[in-house]
Every structure is written in structure tokens, then in C-alpha cells.
Amino acid sequence: MFGNLRQMQAQVTQFTSIGRTLDPTYPHHAIILLLTLAGGIASGGLALLRGADLGAAVAAGFWTGAAVFIAWVLARELDIDRERSALVAAGLALAGALLAGGPAPAILPLATLIILCRLVNRVVGPPFRWTDSLAVLALAGLLALTGETVMVFAVALAFLLDALLPPPLRRHALLALLAAGAGFVLLAGQGLALAALSGPVLAVGGLSLVAFGLTMIATRRIDTDCDAPEYALEMIRVQMTMAFAALLALILLLTGGDVMALRYLPLWATLAGIPAYRLLEYLRGALARAA
């Protein structure tokens, strides 16, 4: 089973350092596919019960399924050693989406964030090829066209981190400057200001960030190999990827308010789900030792 997954990933890695494989025969992957489908159906059915028409119900189901799957993928990038924490993150994304009525997540920015995490932590293995780097730069252009100022700067920061962290890929320093230039053009045109936050969003967001920050500090070793086993994960890259995601979430929350929190629900579910699983892991161990 693992051999089949490795073989599939090796075929992908020949061409790109962005992609990771999804094998429906691997139990963990099968579970998230079923959870994504079930979450979408549940959200659509709930929307119908709330009086939505069929089109709105289908949309709610689709966006909920997308939020669940994106949260799972993000958690796999940020908590590399623990597969099950990604399922906790996906479950929190599902709960949040059902409560909120299946809001549309920020698909392009979140997809870009997943790629940026892989750029910084290099979980796939080899550094980004030129084609990968240019694809990320093109994503920064699309984000700029859609007015996603914070995410454009996030692309610049990820390029810069990859140019500085060991082993560095120096050409990304130039791409970081290009992405930052686009970000400053956006900033000059539309500005960026602090947004009002409701009490519940501030409390949940603050608690999630603190818990995730403590989890990041507690992450001192990584036992999992890169997808390409001839490469080794660097601990500093793993921690910096976690810090990068937390910093981005904080800035998005402060500048976007409650609306941005809903758009980035999968990210917040990930930041909450990873420490929640660590806590469950600790409690289970404590109970086993007590017994």
C-alpha cells in the first residue's frame, strides 16, 4: 500500500516539486475523500432544510466539501508527522461550514498557500524547478489582479524564506522582490487598514493562534521522510512554515475582520485542529500511563 503511494509520488516528483499524490486505496486518503463527500451532502441537505433553493444548496455543499478538503491538505503540510491531526482539522472545517451555512472559501488564495507551504518546508523533496517557481509567480499575478494584497506579500515572503533557509535556493530572492513589488503597487492603490472584529471571532482566533504557536515551539523533531526519500526534511524549514501560516492568518484576520475569517475557514480549522489533536494525544498518553 505504502509502496504504491511512493511509486505514484515518484512519478509526480520527476516533473514538479509542487504536486503530492492522493491514493484512494490508502485508508487515510480514502477517509478524507469520504468525509469531503459526506460533508458536502450534509451541508447541501441542511441548506435545503433552511429554505434555500436547489442551486444554493448545491453551492453550499460544494463549498463545504472544498473547505473540508483544503483544511486536510493544509494540516498535512503543517503537521507532517501526524496524519490524524489533518482529520481533526477537516472535522473542524466541516463543523464551522455547517454552522455558517457553507460559505465560499477563498479557493485561489488557499490553494496558493498550500503551494507556498510546500515551497518553504520542501516536504516533496527537491527544491522548486524553474517551472514551479514561475507558476508560483504567475499565481502572485492572479492574486494581484483579484486584489489579494496580503496574499501577494505572502508569496514574496515564501520566496524569501526559500532563498535564505538551508539549503537555500538563491534565485528565489529575485522572485521575492518581483512579488513584493506587485504587493506594494496594490498597497499604494487600495491601501490596507485594520478591520473591526466581533468578540467571538477575536476569542476563537486568538486562542487558535496561541495554541498553534505553542505547538510550533513544541515541535522539535520530524520523523517523517520527504515524499522523495533521498531528501531529508530540515527542522528549521518545518517550523518556519508553521510560523509563516500563523503570521499570515493573523494579518488576514486583523485586516479582513469576520468576513476574512469565514473566507479562510480552512486555515483557521487547521490552526485549531493541529493543537487540538496534540492535546488529545497527550491526554491519551497520560491516561495510558495512569492505567
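Each remark here, short or long, concerns the structure printed above.
This section reports on the structure supplied with the text. This one's a predicted model, so the numbers in the text were calculated from it and none came from an experiment.

### Regarding a nonpolar patch on the surface
Here comes step 1: On the surface, a cluster of nonpolar side chains totalling about 680 Å² of accessible area is made up of Leu 157, Leu 160, Leu 164, Leu 194, Leu 247, Leu 250, Ile 251 and Leu 254.
Here comes step 2: For the nonpolar patch, the elements supplying multiple residues, two or more each, are α7 (149–164) and α10 (235–263).
Here comes step 3: With four residues, the single largest contributor to the nonpolar patch is α10.
Here comes step 4: Assignment of secondary structure puts Leu 247 in helix α10.

### Let's talk about the environment of Pro 200
Here comes step 1: With respect to the secondary-structure elements, Pro 200 resides in helix α9 (residues 199–218).
Here comes step 2: Placed 58 residues apart in sequence, Pro 200 and Asp 258 show a C-alpha to C-alpha distance of 9.5 Å.

### Side note on the packing of aromatic side chains
The way to describe two aromatic rings as a pair is by their centre distance and the angle between their planes.
Here comes step 1: Per the counting criterion, the structure on display carries three aromatic pairs.
Here comes step 2: Geometrically, the ring pair formed by Phe 62 and Trp 63 is edge-to-face, given 5.0 Å between the ring centres and 70° between the ring planes.
Here comes step 3: Pairing Phe 153 with Phe 184 gives two aromatic rings, centres 5.0 Å apart and planes at 80°, and the pair type is edge-to-face. Separated by 31 residues along the polypeptide, Phe 153 in helix α7 and Phe 184 in helix α8 (residues 172–190) bring together distant segments of the chain.
Here comes step 4: On the basis of relative accessible area, Phe 184 is assigned to the exposed category, the value being 51%.
Here comes step 5: Here the basic side chain of Arg 171 rests over the ring of Trp 130, its NZ or CZ set 4.5 Å away from the ring centre.

### Re the environment of Gly 65
Here comes step 1: Residue position: Gly 65 is located in helix α3 (residues 54–78).
Here comes step 2: Judged by relative accessible area, which is 7%, Gly 65 ranks as buried.
Here comes step 3: In this structure the C-alpha to C-alpha distance between Gly 65 and Leu 94, which are 29 residues apart in sequence, comes to 7.8 Å.
Here comes step 4: If near-sequence neighbours (up to four positions away) are discounted, Gly 65 is found in contact with Thr 36 and Gly 40.

Thresholds applied
- Residues numbered from 1 in each chain as written.
- Predicted model: local features only at pLDDT ≥ 70, side-chain atom pairs only at ≥ 80, totals over all residues.
- Heavy atoms only, no water.
- Patch = residues over 30% accessible without salt bridge, like charges linked within 9 Å, V, L, I, M, F, W, Y side chains within 5 Å.
- Areas by Shrake-Rupley, 256 points an atom, 1.4 Å probe, with all protein chains shown as cover.
- Salt bridge = Lys/Arg side-chain N within 4 Å of Asp/Glu carboxyl O.
- Helix = DSSP H or I, 4+ residues; strand = E, 2+ residues; numbered from the N terminus.
- Phe/Tyr/Trp six-rings, centres within 6.5 Å; stacked < 30°, edge-to-face > 60°.
- Buried < 20%, exposed > 50% of the residue type's maximum accessible area, 1.4 Å probe, protein only.
- Lys NZ or Arg CZ within 6 Å of the ring centre and 35° of its normal.
- Contact = heavy atoms within 4.5 Å.

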